[in-house]
Structure formats: C-alpha cells, structure tokens
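This is what each chain is made of:
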Amino acid sequence: MGSKEKKIMSVKIILCVVLFVIVIVSLFILMDKGDIKDNSPVNHKVVEKLYENHGDNKCTEVIKINNNLGISEIDDKVLLYLIFGQMKNDSVLSDSISLEDYKSSALKVIDEEYIPLNFKYVFEGYQYSLNDNKITRENSSCTKNYVTKLYGYSGTDKLELDVMAGYVENGKVYDLNDNEIGTYNENELNNILDKGTMQVYNYEKVNNNYKLVSVGIK
C-alpha cells in the first residue's frame, strides 16, 4: 500500500472514530433530556400488583364492561371496584374511613378529577357510603361471589391487562352474561374461567405509577 493510500485509510479511520463519538455523545444528551424511554418488557411483579385490585371478592358489586370506554365514560362502580381493591391493599378499610385516606388510595388508580365522590357501594360484604367527607359501612348480604383470573397482559408504558371474570352462585360458575360455564371446584376454577367474560383494563405509566385510562372488551 502506497503512502497516498495509507493517508486516505487514516483519514477514513479518524472520521469513523469522530462519527462514533458524536453518536455516543448525542445518545447521552437525549437520555439526560428524558427523550429515550425504557421499552423493556414490564416486570411481572408490576402486573401482579395491578391485578391485586381485580382479585376474587366475596359479595362485591361488579359491573360488566360492555364497550370500549375512556376514563371519563367509565361507570363509577367499575372505578370503585378498583379503588376499593387498592384500599384493601392499603389496609384502610374500616367502619369509618376519612375522605383523605379514600383519595390517597384512589389516586394510585386514577387521576383526581375522576374519583367518585357520591356513592353507595358494596365491597366484600359491606355497603360503603360516602357522606359528609367520611365513608361509613354497614353489613350487606348477597349470594354471588365474583371470581377472576389474569388471562394476559401486554405493553410497557401503556399496559393492557386482560382479565377473565365470572361469578359463583349455588355451586355453579357463570360468566358475566349469566351463562353457566362449570361446577365450582377450587382446584378447577382457573381452567373454568378460561370460558369466562374477558374484561380489558388499560393503564398508562405516570411517574412510575400505572393509572387506569380506559376499559374495553375483546
């Protein structure tokens, strides 16, 4: 190789190194500005934590989701089901609950403007009523036990949870359309719920917390 070719080769190598350095520096600048998002798969523990608000609940008022709805259109009792599930996880359910404690749990599920502030809602055998900035409860009875299973999930910053749902009554398992799908057996319930009613919950990551933004069907 002649001296001319060596000079050309050296120039090419220098240009490649400079270009590489520019790319690396640019990436660091973008990361500092928050323009690069982590698109790695969501941790299963995050999904399990969200699903805890959908867990099996005895004598709980549940509304079947029939349409794809944005957060502002969702029935309050769908929101209350998730909020009270969060309140259970936060260990704040009692005979008397302050509005502050209620809102603290609710804000982990939805934005403040969508928090129901006028309700009577049955959750796990109690009817909860919000009056005068305080929630009180009294015993309630029912014959149906709501049951669910986490069927699937997808997404990262925008996360979709697919939940199969049904209820147990008089030893039989039904989907949310009141169709019998099996005879209740604790060991077989997970398989039986494969024939349940799918309810879709969509969340969006906000400051490392996932909040409900819509619900739907498949």
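Just so we're clear, the structure is a prediction, and the values are computed from it rather than from any experiment. (Residues numbered from 1 in each chain as written. Predicted model: local features only at pLDDT ≥ 70, side-chain atom pairs only at ≥ 80, totals over all residues. Heavy atoms only, no water.)

Caption draft 1: How the structure looks around the environment of asparagine 177. Along the polypeptide, asparagine 177 turns up in the loop between strand 9 (172–175) and strand 10 (180–183). Linking asparagine 177 and glycine 166, residues 11 residues apart in sequence, is a C-alpha distance of 8.5 Å. Setting aside residues no more than four positions away along its own chain, asparagine 177 makes contact with Lys64 and Thr197. (Helix = DSSP H or I, 4+ residues; strand = E, 2+ residues; numbered from the N terminus. Contact = heavy atoms within 4.5 Å.)

Caption draft 2: Quick look at the state of the cysteines. For the coordinates displayed, the defined rule picks out one disulfide. At a sulfur-sulfur separation of 2.3 Å, the disulfide partner of cysteine 59 is cysteine 142. With a gap of 83 residues between them, cysteine 59 in the loop between strand 1 (57–58) and strand 2 (69–70) and cysteine 142 in the loop between strand 6 (134–139) and strand 7 (145–155) connect regions that are remote in the sequence. Residue classification places cysteine 59 among the buried positions, given a relative accessible area of 9%. (Disulfide = S-S within 2.5 Å. Buried < 20%, exposed > 50% of the residue type's maximum accessible area, 1.4 Å probe, protein only.)

Caption draft 3: Region of the structure containing the nonpolar core. Grouped together as the largest cluster of nonpolar side chains are 42 residues, with contacts concentrated most on Tyr102, Phe119, Tyr201, Tyr203 and Leu212. Elements represented by at least two residues in this core include exactly helix 2 (44–51), helix 3 (76–89), helix 4 (99–106), strand 4 (120–123), strand 5 (126–131), strand 8 (158–169), strand 11 (197–206) and strand 12 (209–216). In terms of nonpolar packing, the next biggest core, distinct from the first, is built from seven residues, Val147, Val168, Leu189 and Ile192 among them. (Core = buried A, V, L, I, M, F, W, Y, C linked by side-chain atoms within 4.5 Å.)

Caption draft 4: Examining the pattern of salt bridges more closely. One pass over the structure, following the stated rule, counts 10 salt bridges. Residue lysine 88 is joined to glutamate 124 by a salt bridge in which the shortest nitrogen-to-oxygen separation is 2.8 Å. Residue lysine 88 is located in helix 3, and its partner glutamate 124 is located in the loop between strand 4 and strand 5; the two are separated by 36 residues in the primary sequence. You can call glutamate 124 partly exposed: its relative accessible area is 26%. (Salt bridge = Lys/Arg side-chain N within 4 Å of Asp/Glu carboxyl O.)

Caption draft 5: The packing of aromatic side chains, seen in detail. Under the defined criterion, the tally for this structure stands at eight aromatic pairs. Ring centres 6.0 Å apart and planes at 90° place the aromatic pair phenylalanine 84 and phenylalanine 119 in the edge-to-face group. With phenylalanine 84 in helix 3 and phenylalanine 119 in the loop between helix 4 and strand 4, the pair connects residues that are 35 residues apart, well separated along the chain. Each member of the pair, phenylalanine 84 as well as phenylalanine 119, carries the same accessibility label: buried. Ring geometry for phenylalanine 84 against tyrosine 128: centres 4.8 Å apart, planes inclined by 55°, an arrangement best described as tilted. Of this pair, phenylalanine 84 sits in helix 3 while tyrosine 128 sits in strand 5; the two residues are 44 residues apart in sequence, bridging distant segments of the chain. Residue phenylalanine 84 shares its accessibility class with tyrosine 128, and that shared class is buried. (Phe/Tyr/Trp six-rings, centres within 6.5 Å; stacked < 30°, edge-to-face > 60°.)

Caption draft 6: Region of the structure containing the pairing of strand 5. Inspection of the sheet shows strand 4 paired to strand 5 by four bridges, in the antiparallel sense. Within strand 5, the position partnered with lysine 120 by the bridge is serine 129. What sits between the antiparallel neighbours strand 4 and strand 5 is a turn of two residues, in which glutamate 124 has the positive phi angle 50°. For strand 5 and strand 6, the ladder comprises six bridges, and the chain directions are antiparallel. Pairing of leucine 130 across the sheet is with isoleucine 135, part of strand 6. (Pairing = 2+ DSSP bridges.)

Caption draft 7: Up close: the layout of surface pockets. Within this model, the largest pocket holds a volume of roughly 230 Å³. Lining the largest pocket are Val46, Lys49, Leu50, Asn53, Gln86, Asp90, Lys108, Val109, Asn208, Asn209 and Tyr210. Of all the elements in the fold, those that place two or more residues in the lining of the largest pocket are helix 2 and strand 12. Per-element accounting of the lining of the largest pocket gives the leading share, three residues, to helix 2. Split by residue class, the lining of the largest pocket holds four nonpolar, four polar and three charged. (1 Å grid on protein atoms, 1.4 Å probe; cavity = no way out; pocket = protein on both sides within 12 Å on 5 of 7 lines; lining within 4 Å. Points joined across faces, edges and corners; volume = space filled by probe spheres on them. Nonpolar A, V, L, I, M, F, W, Y, C, P; charged D, E, K, R; others polar.)

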